[in-house]
Amino acid sequence: LVARRRRTSCYFYPRAWPSLRSTDWWERVVLKEFGPQDWLEKFRMSKETFFYVCNQLRPGLAPHSTHFHPTLPLEKRVAVALWHLATNVEYQTLSPLFGVGPSTVQACVREVSYAIVLLLKPLYLRLPNEKELENMVRIFRTRWGFPHCIGALDSLHIPIHPPLRLSADYCNGQGWHSILTQATVDGLGQFWDVSTAFPGSMENSAVLESSSLWVLAKEGRLCPNPPKHFMGKAQKYVLLGDATYPLQDWILKPYQEDENLTQRQLQFNYRLKRAHSVIENAFLRLKARWQILLKCDDCSLELLPTLVLACCILHNVCEAHDNPFNEEWLEGTEPTELPKPCQPAPAAMEDGRAEQVRELMCQYFESCGE
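Residues numbered from 1 in each chain as written. Predicted model: local features only at pLDDT ≥ 70, side-chain atom pairs only at ≥ 80, totals over all residues. Heavy atoms only, no water.

Participant: Lay out the packing of helix α11 (residues 263–289) against helix α12 (residues 304–320) with the relevant residues and their values.
Facilitator: Viewed as axis vectors pointing N to C, α11 and α12 meet at an angle of 100 degrees, and their least axial separation amounts to 10 Å. If you check the angle between α11 and α12, you find them roughly perpendicular. Contacts between α11 and α12 involve Ala282, Arg285, Leu286 and Arg289 from the former and Cys311, Cys312, His315, Cys318 and Glu319 from the latter. Taken together, the residues that form the contact of α11 with α12 break down as five nonpolar, one polar and three charged. (Axes fitted to C-alpha atoms, helices over the stretch in contact; angles between N-to-C directions. Helix = DSSP H or I, 4+ residues; strand = E, 2+ residues; numbered from the N terminus. Parallel < 35°, antiparallel > 145°, perpendicular 65-115°, else oblique. Contact = heavy atoms within 4.5 Å. Nonpolar A, V, L, I, M, F, W, Y, C, P; charged D, E, K, R; others polar.)

This is the structure:
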């Protein structure tokens, strides 16, 4: 019982099999004796979803790969990688459990992560088509009470040990080292755009301007052409951000809080913040499920973009397949000693036309009431 409560250090199956060699553990224990809760706890997904992922990755993880011993099955490689992503245990700790060397664990994590991005990203993390955008608008309106919206936008700082020569670049505004990931989710909390591996010292507005999302928006690819009508006017679909993002005709953020805000503006802020919480919850679930993102100490800086993308894709896989989420995983996902940087967007990036869009939203909320 004590071991079960030490969630950050105990990830091994609680029963003991002293007569089994470590090389037998996967075949004779996991595959034959693990129950549904065991699969969920150790691999963060059901047994059915695990083997679905294995089958999807098969073309990218050929058995003749020179990085692996010929007898190491594909399913075992995927299991090693997922266990590491889920628990963030060190390679040296994980290797005896599966009867492989630390270098093999490292190779499993690397190759499986690359395969996930290569083969699952086109299925689970891609730009929505026009019909899917319309469905996203419907979900945001019905579930979150915010109209004409296709996503919530925010950033995630992932703690790292930076290279010595780049230490200053990765030191964020709160004084700790991180890489920065920008993400957009739909109304169900599933990611559909992710840009990652920016140095932690960058501001959200600068990351946005450097991302593919900015290019897509400027090219008009985030809404139908011509735009759908809203409140009697042709209007682009919008994303919801916070004060760290610039106000655009396709990005809305709250009015700056002060005593001069009108009741309509206060109502707008309330509606936007409530809808924007969908991405805050998505980030919490992402980090709780794949705890490698709580602190990336055991992998190289060059692997991090692939690893972060792989975790976002696996998050979508689990959510899309309705895999249960254990609320106990949330323990320790928000360490108080690492506050999130929050630098307001520069006024020079603001779009004056966007005020008209906020005004339209205020009119909408005023007309529909609570």
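Alright, that's what it looks like, and here's the rest.
Participant: Can you break down the state of the cysteines residue by residue, with the values?
Facilitator: With the rule as written, the count across this model stands at zero disulfides. Cys311 takes part in no disulfide bond, and the closest cysteine sulfur to it belongs to Cys312, at a distance of 7.0 Å. (Disulfide = S-S within 2.5 Å.)

Participant: Pulling in residues and values, what's your account of the packing of helix α4 (residues 47–57) against helix α5 (residues 74–87)?
Facilitator: Where α4 contacts α5, the two axes come as close as 10 Å, and the packing angle between them is 115 degrees. Here α5 runs roughly perpendicular to α4, going by the angle between their axes. Crossing of α4 over α5 shows right-handed handedness. Residue-level contacts link Phe50, Phe51, Cys54 and Leu57 of α4 to Leu74, Glu75, Val78, Ala79 and Leu82 of α5. Split by residue class, the contact of α4 with α5 holds eight nonpolar, no polar and one charged. (Left-handed = near helix turned anticlockwise from the far one by under 90°.)

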